[in-house]
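Geometric and topological summary
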Amino acid sequence: MVEIFDAIKKSAIRIKWLIENEDTGYSQNINATGDTQLKLDIKSDLVIEEEFRKISSVKEIISEEKEEKTPIYENGKYLVGYDPLDGSSLLDVNFSVGSIFGIYKGEYDGAHMVAAVYVIYGPVTQMVTAYEDVGMYKLNSDGDFAFIKSLELNQSGAINATGGTHSNWSKKHHEMIEKIYSKGHRLRYSGGMVPDLHQILLKGGGLFSYPSTSDRPEGKLRMVFEVFPFAFIYEKAGGGATNGKKRILDLKPSHPHDTTPCYFGSKDEIDLVLKHNE
Ligand code: P6P
């Protein structure tokens, strides 16, 4: 597992450089999910694939930016699903973006996840790893990721991060969001999954929701590359993650690019979501 974390660190340093020096414009390509790819989406994906090709413990990788899986080493024991540059459409307004990694053994689903990592490219570059516990690291001037602290969610928090187009929410979801606001929570939403969930983790808790909407009935966020990794991290940090009815990590995608409605948060907020959807 250490060599996987090291490959992620090397990728992060290279992607940070790309963000700071390369063209943030769009390519002519469309990815597996139908998004027009930024040149940086493609370059970040290539960087990660290059770094993982050096790791003998990795059997296969699959990227949000590619339809197909990429075999690495036949006798490798880990599978890695990743989103190389999540929220890349926010680069043109200089918002924080991130890379997300789910490390699996045997199957690309929540029950087989063994670790999760994300990197956030912001005013500083930080990495959060969830294995035994949840640790935060900061990229320093020597090119090392120095351990900063362990991360834990409070029983309840004060942040409400509300994904999706409000006019496409169900009546039930509107009512649930108002219930959260009635508890005194405040809106904190950038449109970037990594900084939005990082903020809730670091500011003690709250709720991030990306529900089923009329334009996206199965939600927008991808299970293997985004939702399982953050569900794993939030549970390890003492919180929870649900699709509104079931625990996220109990879900099984029928296709690696499947999406799901998702709610991540402190225990009290997740309980409120589940009760509201009974
Ligand atoms: P909306 C970015 O495009 C992304 O995939 C996630 O990073 C983010 O949480 C979500 O989409 C934002 O979607 O519909 O709220 O703008």
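Scoring rules and cut-offs
- Residues numbered from 1 in each chain as written.
- Predicted model: local features only at pLDDT ≥ 70, side-chain atom pairs only at ≥ 80, totals over all residues.
- Heavy atoms only, no water.
- 1 Å grid on protein atoms, 1.4 Å probe; cavity = no way out; pocket = protein on both sides within 12 Å on 5 of 7 lines; lining within 4 Å.
- Points joined across faces, edges and corners; volume = space filled by probe spheres on them.
- Helix = DSSP H or I, 4+ residues; strand = E, 2+ residues; numbered from the N terminus.
- Domains from an automatic or database assignment.
- Buried < 20%, exposed > 50% of the residue type's maximum accessible area, 1.4 Å probe, protein only.
- Right-handed = clockwise from strand over helix to strand, strands pointing away.
- Pairing = 2+ DSSP bridges.
- Contact = heavy atoms within 4.5 Å.
- Buried area = accessible area lost by both parts, 1.4 Å probe.
- Salt bridge = Lys/Arg side-chain N within 4 Å of Asp/Glu carboxyl O.
- Nonpolar A, V, L, I, M, F, W, Y, C, P; charged D, E, K, R; others polar.

The subject of this paragraph is the layout of surface pockets. In this structure, the largest pocket encloses a volume near 470 Å³. In terms of lining, the largest pocket is formed by 28 residues, of which the most central are Gly 87, Ser 88, Ser 89, Lys 220 and Arg 222. Listing elements by their share of the lining of the largest pocket, those giving two or more residues are β2 (36–38), β5 (78–86) and β13 (206–210). A domain split of the lining of the largest pocket shows at least three residues from each of domain 1 (2–150) and domain 2 (159–276).

Bringing the pairing of strand β11 (residues 159–162) into the picture now. Regular strands show a simple pattern: their side chains alternate between the two faces of the sheet. Burial along β11 is two-sided: the residues Ile 159 and Ala 161 and Asn 160 and Thr 162 are all buried. Traced from β11 through helix α3 (residues 171–182) to strand β12 (residues 186–187), the parallel crossover comes out right-handed. As paired strands, β11 and β13 are joined by 4 bridges and run parallel to one another. Paired with Ile 159 across the bridge in β13 is Gly 206.

Domain boundaries assigned for the protein yield domain 1 (2–150) and domain 2 (159–276). The centre of domain 1, based on its C-alpha atoms, is set 21 Å off from the matching centre of domain 2. Listed as interface residues are 41 residues of domain 1 and, on the opposing side, 28 residues of domain 2. Taking both partners together, domain 1 and domain 2 bury about 2600 Å²; carbon and sulfur atoms supply 67% of that area. The tally of links from domain 1 across to domain 2 stands at 2 salt bridges. Where Lys 252 meets Asp 109, a salt bridge forms, and the shortest distance between an N and an O atom there is 2.3 Å. Counting residues per element, the ones that place at least two in the side of domain 1 that touches domain 2 are β3 (58–63), β5, β6 (97–104), β7 (113–121), β8 (125–130) and β9 (134–139). Looking at which element gives the most residues to the side of domain 1 that touches domain 2, the answer is β7, with 8 residues. Of the residues belonging to the side of domain 1 that touches domain 2, the class tally is 23 nonpolar, 9 polar and 9 charged.

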